[in-house]
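Structure at a glance
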Amino acid sequence: MASQRTDIEEIWEEAFSLYQDETHRDLKSDPVILDLHSTDDLLAQITSHEGDFDSFRQKKAKLWIILRRAMHGVEVIGKFTENTLTLTPFSYASPVLGAVLYLVLAAKGVSRVYDSISELLSQLGNFTGRLEEYAKIALDPKLRRKIVEILTVLLEVFARSERAIKKGRLPQYLSVTFLSGNEKVARALDRLRALIDTETRLVGALSYSATVKAGEAVDRNERALQRTGTATERTEKKLDGIVTSTNESRRETLEKEERERLGRVLDEKTRIKVLEKHDDITDRRLSGTGDWIKSEPLYQQWIREERPILWILGGPGAGKSFLSSRIVSHLEEIYPQDPHRSSRISIAYFYIKEDDHQLRNANTILKVIALQLTAQDSVFRNFAAEACKSPENVATARWTWKKIFMDFFRTRQSRGSAAFVLMDGLDELPKKEQEILFQLLSSLGVADAPRLHFAMVGRPELRGRIISTRDAPTIFIEVSASKTSTDIENYIHKRVDRVRALSNRHIAHHDRKNLRDNIIKKLLDGANGMFLWVNLMLDQIYDRSRPSDIMSALDAAPQDLVKMIRHVFERIAADPSVNKEDLNGILTWVTCAGQRLTLGEMDNILKMRPPVGEGMPDLEDRLRGQFASFFTLSRKDNLTTEQLLQEEEHDASVKSSALSDSESEDDDLPQAYDSPLDTTYLEFSHSSVRDFLLKEGNPESRQWPADLGIGVDVSTAEFHITKTLLGVLCSADYDNKCPTNNLSSYAANFCLHHLLCIDKSVLTKMERQDIIHPLLTLFHDETCLERWLLHVSNPYEKWIRHWLKDGSLTDRIRDWFADKSIDHNEFTEEERLQMKGAAASTSTLFKPMAKFLRRQWVGPDENNWEPEFCVWLLYVYHSLVDCSSEVPKEGISLERLVLNEFPLACLRHLAEFGDVPKSSVWYRRFATVIAEAGYVNAAMKELDISLSLNPQDPRTMKEIATCFELRQDYFQSIEWERKALFAWSKDRSEEKAWSLQAIAMREAKSGQYKTAIEGLRKALELLPGHPPILFDYLDLLNHESRLEEIMTLATALEGDPSNLKEEDTLCILLKDSKTRGVLSRAAGALGETDLIERNLKKSLTLAETHETDQVSEMAYNLTKFRWRYNSRDSQVIQLWEDMLEKVQSRKFDSAYAYVLKRTANVLGQLYYDEASAAESRGDDPSAWILKLDNIVNPSRASDITGLNARQTNVLHMGVWHRLHGRPEEAKACFRRRVLEAIDILTDDDPDNDTYGFEILAQVLHKAGDDEGKETAISVPMALLNKLKAAAKEHTPKDLELREARTIDESRSDQEENTETEITDIKGHSTRANPSRDDSDAAETHTPIDNFSALDLNAQETPPAVDTNQFTWRCDGECARRVEDWQAIYACDVCLELCFCEQCVKLVKCDELGFRLCNPKHTFWQVYPCREELLDVATEVKEGKRVPRGEWLEGLRRVWAIE
């Protein structure tokens, strides 16, 4: 035993030594340790250092609870082992408790450090709680030693944690887990875990031994035990205890995993941020503030759970957040939030902040609230943990509300549970998020409301919006001046002593007392219930030394917001440290800017002021400090000024130790503020500031004299901004001097905007010249023009419409150049001529720009300028200045910017105007534009000339191939694309890949699928993993049913499934609906569906993570795939119901309407099938019909599902009514859809008539009108007949020749020669020699077509039948071309489903391979149809088929449509 003690004492000695090395504190000789025997002793020591015991316990209630829990086991085991350490006068517990004491004291009031300690103690509590159990039994010596080792490692953990706190800077623990993230602390924790694992195994071994012995005892005494049941019970209890002990470690692991999952899914980081906000407010709230709320009758009803929602409204600065903090503390007094208590009444809160994106999202609010509730209510925690296994359940606010809150609190399992939730700052929530929250909370107003109780705090302006969402009358608690008067008085008494004069010993004591009383009285009289007003006034007087100055300031204190803004400006103006010119510059730019400026842009603006390059070195410090009353800086990471200030304060407190510590890993401390310049945006803190500056900057509207030297001179502000922007555009080296965060883009887009706003009449002669000089340069210097136009943001339509087509802008610019008041001697002779010309005519003004643009379009040099951009700018120029008949002033829309509205003569005029030589490039680039405009024959003529000038140009060959494709002459298109392929040099692999892809797709159109697949494979060798090529490659593999190759490729394209930062290639491919169908079909056929589901789920997670507008589409894709391939029959309805709920909350997603309609369609089909099945079994189908009605009933779904989704799904209800003998009800269901179809057929847009006939055919089909549906469907089916005829007509005549020429053969033939053989369409052959000049080429060139037989002015019309016009596709995903279908079948039940003659057989036999249509459904053969009915539905007018009016009128009469 002695030896054993010696071993243990040696372990302790080693622990004490390590602790002393880390903390420079000797625990053995520390007198404090002698008084630490229990948790109560520890807490008493902490509060003695903190001062106010009650205040500390209230503010740090979480730390208090966790600390007591974590240390209780240490206390118990310490008492149990009293006097086992002969060399020290204390037990095992005392050193550990002492280490915790010093660890907590090291926090020094920093909330985040307290949170970190709480997190650390929570982790340790999982073990220390077990020590209490060991005190109840006689410990095995081996186990005793192991416990001592664990306790000493706890000592090490606390020592290293204390050192980390004292050394660390705040960025290290923006998360509360920074302690466990510290390398040394982490190593200690790892050792602790290893010891615990050893302890667990030791306990298991001891338990097993005890179990064997107990089992032997049971065997020996079985008969006796039968006679003594109580003995058996005792033995069984011991055995149960042993099993429980051995399984405890596993439970802890599961609990840990559960906590981590909850924290990850329900946003632990934001919960911490909310906790910090609450702690900050609580720390600043004075004792007693907000106590008046406890006597409010409405509040008392809410506390008694008689009222589900409590609305509290108060004006700005009225102390609403202090009140919210008090409500939380009052709730915690009534319902202590100790997880070890049996109570399941939970408390949660959330502080919404407008300047923090994480704190102004409805779903985040609900998730964080749910996470807080899990801490107290174990039943709710288990429920939430299960729900969080599927991230989709908390993907949106509506889903979180239903899946986490309603599905728990409205079920029987919530009996015994209740929750009180407070939300502060509702007015700072975006309106959309407000609407979501108010709509969700409206469900709590019904009689069967669950035990959820919300207190909602905001400003009075929310009153109307709240009332509009409530069915019942709503009563509010008003935060009025009369209620808060006592709180404000206490606040004043507490803060007034900050005024320096009150501590000035040179002022007599009784004078200071009188001054204090007078200040308090003045503040009380002027506060009018506003803490903010008191705060601002105290800030104005705190550093004034003379009592008379203080009283004067109080007497002059403004009572409204505008006056207060002026008052603060006066204060800043009097500060000699303020550079007024810099501040005025900032105010001017933020007031007048056309968009939010970044911090980097503002930094560059100030650096452009003299002294150039210096700027304001402490810009961010000033904006967040001295000027914080006016400005707000929004960072991408949403860190607030308050958080950054905490970082600065902590850095300052540890700077000396960090620099002197030899173990410090980073001696370079960060700046106080170091926000990213390109993603931190600057704006006014309130719109009232801008309004004030504009009003006071105008002599006609200002309220006060302009005597501060600070503000915005409205008359000259735009001048200074325009001058700066012109300087940016005209500086050749500006981008080099300012490579990042410069003003180039802003200048290009907004320079003319500011120019228009200048009041030239107030400018001096010199100031006018400061504008005219750079403006003249901008319009005449090509370098400046290039910089200007290249920085115009795309899309550029708005820029074109608003600036170059604006006549007032043109006149204004010319007016500048016509200014006679300026000193013309300051300009060169050339500049004076330019000014004179520009002032005289718009043509001269814009002519340099026009010449420049024309060169970029058709000039001799290759460039990347977009031809369409140049064409449109040139058209604008000519429309302003050109009276030529070739440039029409009408008929060309600047709203749509569509090239095919241009006459060919106009485009030629735009290209030929000026002095650009007609080179090969000129003809090619001109041909590119006119081909896009539809003039294919004319483009071919221009390309022929281009090729004659440069026979080796692969770009020209590609354009020729494109023109032949537009003619649907695929043979020649392929031949010319092949020439381009071999004309590219070997190092142009990308261009070669594009040519291979173009050849392959044209081969596919002509039926050469195998050759096309090989070509695409070769293209992928040049550009591996390129999605556009992969789309086509997978499509052709699918057409040939090469499913194994598809899945092999898909597997190779999958990236790391756990990488949720970026999409891999497979995820990108799955976004394309056609490719997704190809991959799904192959995966389903080969049993590899997990690959597809995994990547669809990843795409959804990425969309949700990055908050894109594709969430509903990604969720639909995943749901559809699971339904078709991976779900059981019993799951499908719930699967789609969840999907419907998800999409209903995503109204602003890009694919919202489509996804909503498709989801509702499937659900309608499923409900209908379930109702039919129930009826066939003899069961009551009403429950399923009610579900169907809930989707389509307009009165209940008008604001949820959308008109389109209702109108399609109402057909299911109509079919049900029709088949059950309710013709009027059925007709009512169908009528709206019939009306929609007739409206489409009678509108002014003939392009949508086919769609109107399809809708009509569908609804008449469901309505049982056989003659009507056959008549309506004859119109779209006529397109199919044309497609079939066109397919035969365009089959190439020499298919055998082209099939014989594979790409490999062509490449090998071509690459054997150093010169490239060029074969024209007529079969002539030439050798393109690089050394040949253009004249030789022109002499031997053979035209690529017989242009004398072509109408070169004709605009190419769309083909007689466009494949895209016929939108029917086989939903069996058979990959057959529609031209090959022999018949089409439409389901009698499902909506918008059709199958070809092959797939419909598979559906009926339930062999389709995936879930889609019910095999029990019947089908209507849509095609072939009766062609004679086409003349019943339509008539020919002016050569075009249009809906027949008489037939539509007949439908109106039948359906009683007026």
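Residues numbered from 1 in each chain as written. Predicted model: local features only at pLDDT ≥ 70, side-chain atom pairs only at ≥ 80, totals over all residues. Heavy atoms only, no water.

On to the overall build of the protein, then. When helices and strands are counted, the protein shows 67 helices and 15 strands. Counting across all 1458 residues of the protein, residues that qualify as buried make up 51%. Counting only contacts in the protein whose residues sit at least 6 apart along the sequence, the fraction spanning at least 24 positions is 72%. When the accessible area of the protein is evaluated, it comes to approximately 66400 Å², of which 49% is carbon and sulfur surface. (Helix = DSSP H or I, 4+ residues; strand = E, 2+ residues; numbered from the N terminus. Buried < 20%, exposed > 50% of the residue type's maximum accessible area, 1.4 Å probe, protein only. Contact = heavy atoms within 4.5 Å. Areas by Shrake-Rupley, 256 points an atom, 1.4 Å probe, with all protein chains shown as cover.)

Moving on, we get to the nonpolar core. Ranked by size, the top nonpolar core spans 132 residues in total, and within it Leu1079, Leu1256, Met1277, Phe1366, Trp1368, Ile1384 and Phe1395 carry the most contacts. Residue contributions to this core peak at 10 residues, all from helix α55 (residues 1152-1177). With sequence-adjacent residues up to four places away left out, Phe1395 is seen in contact with Cys1370, Asp1371, Gly1372, Ala1383, Ile1384, Tyr1385, Val1400, Val1403, Leu1408, Leu1412, Cys1413 and Phe1419. Residues Val578, Ala717, Trp872 and Phe964 belong to the second largest nonpolar core, which totals 121 residues. (Core = buried A, V, L, I, M, F, W, Y, C linked by side-chain atoms within 4.5 Å.)

On to the packing of aromatic side chains, then. For the structure shown, the criterion picks out 33 aromatic pairs. Ring centres 6.0 Å apart and planes at 55° place the aromatic pair Trp401 and Phe454 in the tilted group. With Trp401 in helix α18 (residues 397-409) and Phe454 in strand β4 (residues 452-458), this pair connects stretches of sequence that are 53 residues apart. Taken individually, Trp401 and Phe454 each receive the classification buried, so the pair is uniform in this respect. (Phe/Tyr/Trp six-rings, centres within 6.5 Å; stacked < 30°, edge-to-face > 60°.)

In this section: the sheet that holds strand β13 (residues 1419-1423). Spatial strand order, β12-β11-β13: three strands in an open sheet with antiparallel pairing. Unpaired on one side and paired on the other, β12 (1394-1396) and β13 mark the two borders of the sheet. When strand polarity is set aside, the average angle formed by the axes of neighbouring strands in this sheet is 35°. The pairing of strand β11 (residues 1384-1387) with β12 spans three bridges and is classified as antiparallel. Paired with Ala1386 across the two strands is Cys1394, which belongs to β12. In the packing of helix α65 (residues 1397-1404) onto the sheet, contacts are made with β11, β12 and β13, and the angle to β12 comes to roughly 115°. (Pairing = 2+ DSSP bridges. Axes fitted to C-alpha atoms, helices over the stretch in contact; angles between N-to-C directions.)

Let us now look at the sheet that holds β4. Ordered in space as β2-β3-β4-β1-β5, the five strands form an open sheet in which the pairing is parallel. The open sheet is flanked by β2 (345-351) and β5 (476-478), the only strands paired with a single partner. Put simply, the sheet's adjacent strands are angled 15° from each other on average, direction ignored.

Before going further, it helps to spend a moment on the confidence of the model for the protein. Averaged over every residue, the pLDDT of the protein is 76; residues scoring 70 or more account for 72%. Under a pLDDT of 50 for its full length, residues 1-5 has, in the predicted model, three contacts with residues more than four places off or in other chains. Confidence drops under pLDDT 50 across residues 656-671; counting only partners more than four residues distant or on other chains, this segment forms 19 contacts. (pLDDT = per-residue confidence, 0-100.)

On to unusual backbone geometry, then. Omega for the bond connecting Pro610 with Pro611 falls within 30 degrees of zero, at -10°, which places this linkage in the cis form. One non-glycine residue, Glu305, adopts positive backbone phi at about 65°. The topology assignment puts Glu305 in the loop between α14 (297-303) and β1 (309-313).

This paragraph deals with the pattern of salt bridges. Here the structure, examined in full by the defined rule, presents 62 salt bridges. Here Arg304 ties to Glu306 by a salt bridge, and the two come within 2.9 Å at their closest N and O atoms. In this structure, the salt-bridge partner of Lys1074 is Asp1035, at a minimum N-O distance of 3.2 Å. Here the residue Lys1074 occupies a position in helix α51 (residues 1073-1086), and Asp1035 occupies one in helix α48 (residues 1027-1039), the gap between them amounting to 39 residues. Each of the salt bridges in this network shares a partner with another, and the network as a whole consists of Lys958, Glu965, Glu977, Arg1002 and Lys1005. (Salt bridge = Lys/Arg side-chain N within 4 Å of Asp/Glu carboxyl O.)

Quick look at the environment of Thr956 now. Along the polypeptide, Thr956 turns up in helix α44 (residues 954-966). Residue Thr956 is classed as buried on the basis of its relative accessible area of 0%. Measuring from C-alpha to C-alpha, the distance between Thr956 and Arg924 comes to 6.1 Å, with 32 residues separating the pair along the chain. Ignoring anything within four residues of it in the chain, the contact list for Thr956 reads Ser920, Arg924, Leu943, Ser946 and Leu947. Side-chain polar atoms of Thr956 contact the side chain of Ser946, separated by 3.2 Å. (Polar contact = N/O pair within 3.5 Å; in protein donor to acceptor, adjacent residues only side chain to side chain.)

Residues of helix α35 (residues 782-790) that are buried include every one of Cys784, Leu785, Arg787, Trp788 and Leu789, and no others. Sitting at the head of α35, Asp781 places a side-chain oxygen 2.9 Å from the backbone nitrogen of Thr783.

Turning to the packing of helix α26 (residues 580-592) against helix α27 (residues 599-607), a few remarks are in order. The contact between α26 and α27 brings their axes to 11 Å, and the two run at 130°. On the basis of the axis angle, α26 is oblique to α27. Read as a crossing pair, α26 and α27 show a hand that is right-handed. When α26 is examined against α27, the residues Asp582, Ile586, Trp589 and Val590 are found in contact with a partner set consisting of Met602, Ile605 and Leu606. When the residues that make up the contact of α26 with α27 are grouped by side-chain class, the tally is six nonpolar, no polar and one charged. (Parallel < 35°, antiparallel > 145°, perpendicular 65-115°, else oblique. Left-handed = near helix turned anticlockwise from the far one by under 90°. Nonpolar A, V, L, I, M, F, W, Y, C, P; charged D, E, K, R; others polar.)

Next up on the list: helix α33 (residues 744-756). Between its terminal C-alpha atoms α33 stretches 19 Å, which fits the 18 Å expected from 13 residues at 1.5 Å a residue. Maximal helix bending in α33 amounts to about 55°, located at Phe750. The buried fraction of α33 amounts to 10 of the 13 residues, a majority that puts the element mostly inside the structure. (Expected span 1.5 Å × (residues − 1). Bend = angle between axes of the 7 residues up to and from the residue.)

Summarising the element assignment, Thr1075 is placed in helix α51. By relative accessible area, Thr1075 is classed as buried at 3%. A C-alpha to C-alpha distance of 7.0 Å links Thr1075 and Leu1034, two positions 41 residues apart in sequence. Ignoring any residue separated from it by four or fewer positions in sequence, one finds Thr1075 in contact with Phe1031, Leu1034 and Leu1069.

All right, on to the pairing of β1 then. For β1, the buried fraction is high: five of the five residues fall into the buried class. Neither face of β1 is left uncovered, since the one carrying Ile309, Trp311 and Leu313 and the one carrying Leu310 and Ile312 both have all their residues buried. Pairing analysis gives five bridges linking β1 to β4, with the strands arranged parallel. In the sheet register, Leu313 faces β4, and the bridge partner there is Gly458.

The topology assignment puts Arg25 in the loop between α1 (2-23) and α2 (31-34). Sequence separation between Arg25 and Ala99 is 74 residues, and the spatial gap between their C-alpha atoms is 9.9 Å.

Turning our eyes to something else, we now look at the state of the cysteines. In this structure the tally under the stated criterion is zero disulfides. Cysteine Cys784 remains unbridged, with the sulfur of Cys730 as its closest cysteine sulfur at 4.2 Å. (Disulfide = S-S within 2.5 Å.)

Take the packing of α48 against helix α49 (residues 1043-1053) next. Helix packing for two helices is described by the angle between their axes and how far apart those axes are. For the pair α48 and α49, the least separation of the axes is 8 Å and the interaxial angle reads 150°. In terms of their interaxial angle, α48 and α49 are classed as roughly antiparallel. Handedness of the α48/α49 crossing: left-handed. Taken together, the residues of α49 that come into contact with α48 (itself represented by Leu1030, Tyr1033, Leu1034, Leu1037 and Asn1038) are Leu1043, Glu1045, Ile1046, Leu1049 and Leu1053.

This part is about the side chain of Arg1076. Inspection of the secondary structure assignment puts Arg1076 in helix α51. Notably, Arg1076 is buried but unbridged: the nearest opposite-charge side chain belongs to Glu1113, and the N-O separation is 5.6 Å. Polar contacts involving the side chain of Arg1076 include one to the main-chain carbonyl oxygen of Leu1070, which spans 2.8 Å. Looking at Arg1076, its side chain comes within polar contact range of the main-chain oxygen of Lys1071, at 3.4 Å. (Lys, Arg positive; Asp, Glu negative; His and termini not counted.)

Moving on, we come to the side chain of Asn1095. Assignment of secondary structure puts Asn1095 in helix α52 (residues 1089-1105). Ignoring any residue separated from it by four or fewer positions in sequence, one finds Asn1095 in contact with Glu1054, Asp1064, Leu1066, Cys1067 and Leu1070.

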